[in-house]
Amino acid sequence: MKHLILILACLAAWLTSSAQTAENPYPDFLEEVFMDMDFSENLATPKVPKEAKPGVAARMKSIAETFSKRLPEAMRSVIGTRLERDNEVFVVTYPADELFNPNDTLLSKYADRSLQELIPLMKDPYLFKVVYSVSCDNTGSETYQGELTDTRMNSLYDWVWKMIDANKIPEEMIIIPESLAASRPVADNLTRENRRKNRRIEFYFIPGPKLIEEASGKK
């Protein structure tokens, strides 16, 4: 009887493990792992093996070009794109005014239309890890800056979950939010135009395990 119970217990454990593998073919690619990382660590992870680097860079360059061409003409001068980390990471930049009214923390009524452009990049949860950051200029106290970007970060996360509930983004998609306040300016804050540049939301599309495998020729 004890042998039968042991066999049944082993079988149950195997079935549980198989189910987990079926749900996530990359068991080390877990949101809780990345949630504990700081911003810089998240942008550097997962690392791309040397043999996959050329393929990943070529794939990301193609993705960036396709995204830019697909943007409506009116948005092309507003939404910025670039490649980072030796062309391994694709970045989409929204001016804060494109998504939020000045000093407001709720998404504007026009924000959803702009954010929908990201949805085609978030269909397969294993192609990318997504990190989005919210930044502001240095106007006001550090407390105000932190509260502003924290609350805007949460408003964007609410939008993400709205898209998940609508089955537009898979629940397994790893999306890491970051509130950076005024800690990472792209320009000094001495002019109105530079302060506008610093008020931004950036989405980083970091190659996931499936994209890395495909780029290395393993699949």
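Our subject is the structure that appears above.
Quick summary incoming for the structure in this document.

Rules of the game
Residues numbered from 1 in each chain as written. Predicted model: local features only at pLDDT ≥ 70, side-chain atom pairs only at ≥ 80, totals over all residues. Heavy atoms only, no water. Helix = DSSP H or I, 4+ residues; strand = E, 2+ residues; numbered from the N terminus. Buried < 20%, exposed > 50% of the residue type's maximum accessible area, 1.4 Å probe, protein only. Contact = heavy atoms within 4.5 Å. Areas by Shrake-Rupley, 256 points an atom, 1.4 Å probe, with all protein chains shown as cover. 1 Å grid on protein atoms, 1.4 Å probe; cavity = no way out; pocket = protein on both sides within 12 Å on 5 of 7 lines; lining within 4 Å. Points joined across faces, edges and corners; volume = space filled by probe spheres on them. Salt bridge = Lys/Arg side-chain N within 4 Å of Asp/Glu carboxyl O. Core = buried A, V, L, I, M, F, W, Y, C linked by side-chain atoms within 4.5 Å. Pairing = 2+ DSSP bridges. Right-handed = clockwise from strand over helix to strand, strands pointing away. Polar contact = N/O pair within 3.5 Å; in protein donor to acceptor, adjacent residues only side chain to side chain. Expected span 1.5 Å × (residues − 1).

Considerations on the overall build of the chain
Helices and strands together make up the secondary structure of the chain, namely ten helices and five strands. Across the 219 residues in the chain, those meeting the buried criterion constitute 42%. Taking contacts inside the chain between residues at least 6 apart in sequence as the whole, the part at least 24 apart equals 76%. Working note: accessible area of the chain is about 12300 Å², and carbon and sulfur atoms make up 55% of it.

Some details on the layout of surface pockets
Of the pockets and cavities examined, the second largest pocket occupies roughly 200 Å³. When contributions to the lining of the second largest pocket are tallied by element, the ones reaching two or more residues are helix H6 (96-99) and helix H8 (142-165). With four residues, the top contributor of residues to the lining of the second largest pocket is H8.

Looking at unusual backbone geometry
For the peptide bond that leads from Thr 45 to Pro 46, omega is 0 degrees, which places it in the cis range. Assignment of secondary structure puts Pro 46 in the loop between helix H3 (39-43) and helix H4 (53-70). One non-glycine residue with positive phi stands out, namely Asp 86, at about 55 degrees. Along the chain, Asp 86 falls in the loop between strand S1 (80-84) and strand S2 (89-95).

Quick notes on the pattern of salt bridges
Side chains that carry opposite charge are capable of pairing whenever their charged atoms lie near each other. With the rule as written, the count across this model stands at eleven salt bridges. Measuring nitrogen to oxygen at the nearest pair gives 2.8 Å for the salt bridge that ties Lys 53 to Glu 88. Within this pair, whereas Lys 53 is found in helix H4, its partner Glu 88 is found in the loop between S1 and S2, the two being separated by 35 residues in sequence. Look at Lys 53 and you get partly exposed, because its relative accessible area is 34%. By relative accessible area, which is 3% here, Glu 88 ends up buried.

As for the nonpolar core
Residues Phe 203 and Phe 205 are the most contacted members of the largest nonpolar core, which totals 41 residues. Of all elements in the fold, only H4, S2, H6, helix H7 (111-115), strand S3 (128-135), H8, strand S5 (200-207) and helix H10 (209-216) reach the threshold of two or more residues within this core. Residue contributions to this core peak at six residues, all from H8. In this structure, Phe 205 is in contact with Met 60, Glu 88, Val 89, Phe 90, Val 92, Leu 118, Leu 121, Met 122, Phe 128, Lys 129 and Val 130, ignoring residues within four places of it in sequence. With 14 residues, the next largest nonpolar core counts Tyr 26, Phe 29, Leu 43 and Leu 180 among its residues.

Section: the pairing of strand S4 (residues 175-181)
Across the seven residues that make up S4, a large majority, six, are buried. Direction of pairing for S3 relative to S4: parallel, over a ladder of six bridges. Note on S4: the bridge partner recorded for Ser 133 is Glu 178. Assessed by its sense of winding, the connection that carries the chain from S3 through H8 to S4 is right-handed.

Things to note about the side chain of Asp 137
Structurally, Asp 137 can be placed in the loop between S3 and H8. Here the side chain of Asp 137 touches Thr 139 through a polar contact of 2.9 Å, landing on its backbone nitrogen. Engagement of the side chain of Asp 137 in a polar contact is seen with the side chain of Arg 199, the distance being 2.8 Å. Residues in contact with Asp 137, not counting those within four places in the same chain, are Gln 145, Ala 182, Asn 189, Arg 195, Asn 198 and Arg 199.

So, H4
Given 3.6 residues per turn, any residue in an α-helix points the same way as the ones three and four places further on. Over its 18 residues, H4 runs 26 Å from end to end, which matches the ideal 26 Å to within 8%, given 1.5 Å per residue. Residues of H4 that are buried in the fold lie against S1, S2, S3, S5 and H10.

Re the pairing of S2
Buried residues dominate S2, accounting for seven of its seven residues. In this structure, S1 lies alongside S2, joined through five bridges in antiparallel fashion. Bridge pairing in S2 links Arg 82 to Val 91. Connecting the antiparallel pair S1 and S2 is a turn made up of four residues, with Arg 85 showing a positive phi of about 55 degrees.

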